[in-house]
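Commentary on secondary and tertiary structure
Listed below, chain by chain, are the residues.
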Amino acid sequence: MTTIKKRVAIIGAGIAGLSCAQELQAHGFAVTLFDKSKGVGGRMSHRYFGDWEADHGAQYFTARDPLFQREVAQWVQAEVAKPWSGRIVSFNHGNAIDKPSDATRYVGIPAMTSPAKHLAQNLNVLTQHTVVDLHRINDLWKITTKEHGQLAGAFEYLVLAIPSVQAERLIGQYSASLKAICQEVVMLPCWTLLAFLKEPLNLSFDGAFVEDSLFSWLARDNSKPDRPIYEAWVAQASHAWSSEHVDRTQFEIEPILIKAFQELTGVEPDLHQSHLWRYAKLEEANKREFALDPSIAVGLCGDWLKNSTVEGAWLSGYRLAEQLKQIL
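Now for a description of the structure that goes with this document. Predicted, not measured: the structure shown is a model, and the values here were computed from it. (Residues numbered from 1 in each chain as written. Predicted model: local features only at pLDDT ≥ 70, side-chain atom pairs only at ≥ 80, totals over all residues. Heavy atoms only, no water.)

1. Concerning the packing of aromatic side chains
The test is simple: Here the aromatic set is Phe, Tyr and Trp, taking the six-membered ring for Trp, and pairing holds for ring centres within 6.5 Å; pairs whose planes are under 30 degrees apart are stacked, those over 60 apart are edge-to-face, and all others are tilted. By the criteria applied, helices consist of DSSP H or I runs no shorter than four residues and strands consist of E runs no shorter than two, each listed in order from the N terminus. Partly exposed describes any residue whose relative accessible area lies between the buried limit of under 20% and the exposed limit of over 50%, with all areas from a 1.4 Å probe on protein chains only and scaled to the type maximum.
Tallied over the full model, the rule gives 16 aromatic pairs. Centre to centre, the rings of Phe49 and Phe196 are 5.5 Å apart; their planes meet at 5 degrees, and the pair counts as stacked. Of this pair, Phe49 sits in strand β3 (residues 47–49) while Phe196 sits in strand β14 (residues 187–197), and the two are 147 residues apart along the sequence. Phe49 gets classed as partly exposed once you look at its relative accessible area, which sits at 26%. The exposure class assigned to Phe196 is buried, which follows from its relative accessible area of 0%. Ring centres of Phe91 and Phe205 lie 5.0 Å apart, and the angle between their planes is 55 degrees; this geometry places the pair in the tilted category. With Phe91 in strand β6 (residues 88–92) and Phe205 in the loop between β14 and β15 (207–210), this residue pair connects regions lying 114 residues apart in the sequence.

Written out as structure tokens, the structure is:
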């Protein structure tokens, strides 16, 4: 007798959603992922601008948990990740002090999106599908997207691998417990400047935790392995400053970011772009790892249920998949 596969819809194709999907599919579930973007990876993102390019979301990741260490080893073997040996410092009033890490810093190659693309290669991912509504009919979930209306087909289980604010909007009316969990956390924003330069910057480091600027992080993206030679820097504003200016437009913010970059480096970018990550980092670490309401067959995963790291996101999705495998 043929067993009918349980159908699982996962909203969000970042690392958490992809990790969850891969584990569920490996154990016989029929998984479909939906993402509003043109590609996978979420904040493991990379932007192209003519001859220049740069990671403008997650800058690197570490692996401390044995499960994630095993996963990263597979990424390295698949040649989608490598250690980043750049000099990382603490930078204060022009003084650079080495800031060693107790764990290897890794990056995706040739871009930070590469591990996500690796995870997605055998999964059914529907990009440019912005989920705007959910309906529960006869114990099944129906999905409506902005681009395509209500979709054909239905799902026994639903996973939301998106930021807490977005998850609450979709599922809050169906689950008081999941709504409360979404409301427990605060996600902080991050304004980011991508600075492209025709000549290399005369700075002695490749990445810096900045202490005397509106920026909290500055990195020479082309110092990462397998990157183009073109000089590209990523400057991320502090979460406190970004929170104060979260409602400003790019037109208003970019002159401020450019001036701060020039004050910090002594050089004005030849070309630039900016981006606001509205849900960039947890205000306080979360110990839940994932959330589940079995009564309506809905789970939540994401870096906001663990901590704001690539490792946290991957573990959140993996742990939720483990739990779903047991109850299904």
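Additional details are given in the paragraphs that follow.
2. Some words on the pattern of salt bridges
As a reminder, the rule being used: Throughout this description, the term salt bridge denotes a Lys or Arg side-chain nitrogen within 4 Å of a carboxyl oxygen of Asp or Glu.
With the rule as written, the count across this model stands at 18 salt bridges. As a salt-bridge pair, Glu23 and Lys325 come within 2.7 Å of each other at their nearest N and O atoms. Taken as a pair, Glu23 in helix α1 (residues 15–26) and Lys325 in helix α8 (residues 310–327) lie far apart in primary sequence, 302 residues in all. Classification of Glu23 as buried rests on a relative accessible area of 15%. For Lys325, a relative accessible area of 24% translates into the label partly exposed. For Asp226, the salt bridge identified is with Lys82, shortest N-O distance 3.2 Å.

3. Here's the deal with the sheet that holds strand β7 (residues 95–98)
Within a sheet, each strand pairs with its neighbour through backbone hydrogen bonds, oriented either parallel or antiparallel. Where we set the bar: Strand pairing requires that DSSP identify at least two bridges connecting the strands. Note on method: axes are straight lines fitted to C-alpha atoms, helices fitted across the in-contact stretch only, with angles between N-to-C directions ranging 0 to 180 degrees.
Read from one edge to the other, the open sheet built from 7 strands follows the order β7-β6-β15-β16-β17-β14-β18, with strand pairing classed as mixed. What marks the edges here is a single partner per strand, and that holds for β7 and β18 (271–282). For this sheet the average axis-to-axis angle between neighbouring strands, irrespective of direction, equals 25 degrees. With 3 bridges joining them, β15 and strand β16 (residues 215–220) adopt antiparallel strand pairing. Note on β16: the bridge partner recorded for Gly207 is Ala219.

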